[in-house]
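Examining the three-dimensional arrangement
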Amino acid sequence: MLGFLKKFFSDFFYLIYPEVCLNCGKHLSVSEECICLECLYKLPLTNFHEEKNNYLEQIFNEKCKIENVTSYVFFSKKSIIQKLIHKLKYNGKKEIGLIIGKQMGLYLFNSKNFFCIDLIIPIPLHKKREKTRGYNQSEWIGKGISKSMNKKMNINSVVRSVNTETQTKKNKEERELKN
Ligand SMILES: [Zn+2]
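In short, a report on the structure.

How each quantity is defined
- Residues numbered from 1 in each chain as written.
- Predicted model: local features only at pLDDT ≥ 70, side-chain atom pairs only at ≥ 80, totals over all residues.
- Helix = DSSP H or I, 4+ residues; strand = E, 2+ residues; numbered from the N terminus.
- Core = buried A, V, L, I, M, F, W, Y, C linked by C-beta atoms within 7 Å.
- Buried ≥ 20, exposed ≤ 12 C-beta atoms within 10 Å, placed from the backbone.
- Contact = placed C-beta atoms within 7 Å.
- Axes fitted to C-alpha atoms, helices over the stretch in contact; angles between N-to-C directions.
- Parallel < 35°, antiparallel > 145°, perpendicular 65-115°, else oblique.
- Left-handed = near helix turned anticlockwise from the far one by under 90°.
- Nonpolar A, V, L, I, M, F, W, Y, C, P; charged D, E, K, R; others polar.

Let's shift gears to the environment of arginine 129. Inspection of the secondary structure assignment puts arginine 129 in helix 6 (residues 127–133). Residues arginine 129 and asparagine 163 lie 34 residues apart in sequence; the distance between their C-alpha atoms is 7.8 Å.

A word on the nonpolar core. Most often, soluble globular proteins have nonpolar side chains that are buried together. Core analysis: the biggest nonpolar cluster contains 21 residues, and Ile35, Ile96, Ile99, Ile100, Met104, Leu108 and Ile145 have the highest contact counts within it. At the level of elements, helix 4 (80–90), helix 5 (95–109) and helix 7 (137–149) are the ones that each hand at least two residues to this core. In terms of residues, this core owes the most to one element, helix 5, which gives seven residues. Once residues lying within four places of it in the same chain are set aside, the contact partners of methionine 104 are Tyr72, Gly144 and Ile145.

Let us now look at the environment of isoleucine 123. Along the chain, the position of isoleucine 123 falls in the loop between strand 1 (119–120) and helix 6. In the structure, isoleucine 123 is positioned 32 residues away from isoleucine 155 in sequence and 8.4 Å away in space, judged by C-alpha atoms.

Where helix 5 meets helix 7, the closest approach of the two axes is 6 Å, and the angle between their N-to-C directions is 45 degrees. Taken together, the axes of helix 5 and helix 7 are oblique relative to one another. Where helix 5 crosses over helix 7, the two elements pack in a sense that is right-handed. Contacts between helix 5 and helix 7 involve Gly97, Leu98, Ile99, Ile100, Gly101, Lys102, Met104, Gly105, Leu106, Leu108 and Phe109 on the former and, on the latter, Gln137, Trp140, Ile141, Gly142, Lys143, Gly144, Ile145, Lys147, Ser148 and Met149. Residue composition of the contact of helix 5 with helix 7, by class: eleven nonpolar, seven polar and three charged.

Written as structure tokens, this is what we have:
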């Protein structure tokens, strides 16, 4: 009975305030969350998870030895992903991280290079910045990956002790790893 009432009220609420896609503004169907399927499928996937010695791996290997490196999508200015990341980081839309993470996790779970990972460790924010934002966006992406890969996430192993300058004020070279 309680389940029925819950569904009744959520359907009723949906009729009055239908959720819209955070990118294109289209009404979402009940099976869609935050982003419509059309926008989700338009994201330019890198497919680096399938490619050994991919572009990113080469960059990382110049700095330190690393087993596998991947990135979910290619980033470009004024793209869907820029809009979504902006909302995730600056508009309090943390659920976007969960959705992106879930999608990314599905690809990683089906990849021979990543399916056997042990643990998911999101990059932490400095305490001050996390307090201002109210959450760590990486943690929300990690939650999504953790859910679709059925792997544990640990948020206590890595601590950011220095409050580094925001990435948005840095140029391309400054954004690269220096260690
Ligand atoms: Zn959309």
